[in-house]
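Spelled out from the first residue to the last, the chains are:
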Amino acid sequence: MSAAFDTVNHSILLERLQSEFGVRGTPLAWLQSYLEGWTQFVKLGLHQSPVVKLEVGVLQGSLLGPLLFAVYCSPVGDIITDHGVHYHQYTDDTQLHLAMSVDNTAAGLAVLAACTGNVRQWYLQNGLQFNLDKSEALVVGTAENV
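Residues numbered from 1 in each chain as written. Predicted model: local features only at pLDDT ≥ 70, side-chain atom pairs only at ≥ 80, totals over all residues. Heavy atoms only, no water.

### Focus on the packing of aromatic side chains
Scanning all chains against the criterion turns up 5 aromatic pairs. Relative to Tyr-34, the ring of Trp-30 has its centre 6.2 Å away and its plane inclined at 15 degrees; by these criteria the two rings are stacked. Note that Trp-30 and Tyr-34 are positioned in helix H2 (residues 25-35) at a spacing of 4 residues, about one turn of the helix. According to the relative accessible area criterion, Tyr-34 is partly exposed, its value standing at 23%. Through a chain of ring-to-ring contacts, the aromatic side chains of Trp-30, Tyr-34 and Trp-38 assemble into a single cluster. For the cation-ring pair, Arg-16 lies above Tyr-72, with the distance from its terminal atom to the ring centre recorded as 5.3 Å. (Phe/Tyr/Trp six-rings, centres within 6.5 Å; stacked < 30°, edge-to-face > 60°. Helix = DSSP H or I, 4+ residues; strand = E, 2+ residues; numbered from the N terminus. Buried < 20%, exposed > 50% of the residue type's maximum accessible area, 1.4 Å probe, protein only. Lys NZ or Arg CZ within 6 Å of the ring centre and 35° of its normal.)

The following block contains the structure:
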């Protein structure tokens, strides 16, 4: 993904915390207050841009940032497993794993393509950018099967 932590929508994240993780009451209010009121500006020498209120983003370098990002992206796991694909996620990196044999390579690649397409669509619908330049496929096999 590109700029993943910078594009997390606060209202979607708070809704997901409630609906999928059961966070309510004081803990939810605390997280909401943590996300509210963020601003940013650019300063160059004596010049400064106007201050802009941020409605999106979590701090990547913070303790909560990666955890909140994982919460935000949690539905992706369901999309991947619905295709029968295994996966590993670490913050904004997702690896898909699918065992194939020589006689089902085309079918396996079709499954991976469909899975990747659905994940990409989910990212787009949730304000995240799928980075094609950082996406790769690796096919591993024995010398007899390559």
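Following the structure, the description resumes.
### As for helix H5 (residues 105-125)
Spanning 21 residues, H5 covers 30 Å between terminal C-alpha atoms, matching the ideal 30 Å at 1.5 Å per step. Of the positions making up H5, those classed as buried are Gly-108, Cys-115, Val-119, Trp-122 and Tyr-123. Projected down its long axis, H5 shows its buried positions confined to an angular sector of 100 degrees, all on one face. Exposed and oriented more than 90 degrees from the buried face of H5 are Ala-106, Ala-113 and Gln-125. Within two residues after H5, Gly-127 carries a phi angle of roughly 75 degrees, on the positive side. (Expected span 1.5 Å × (residues − 1). Arc of directions from axis to C-beta.)

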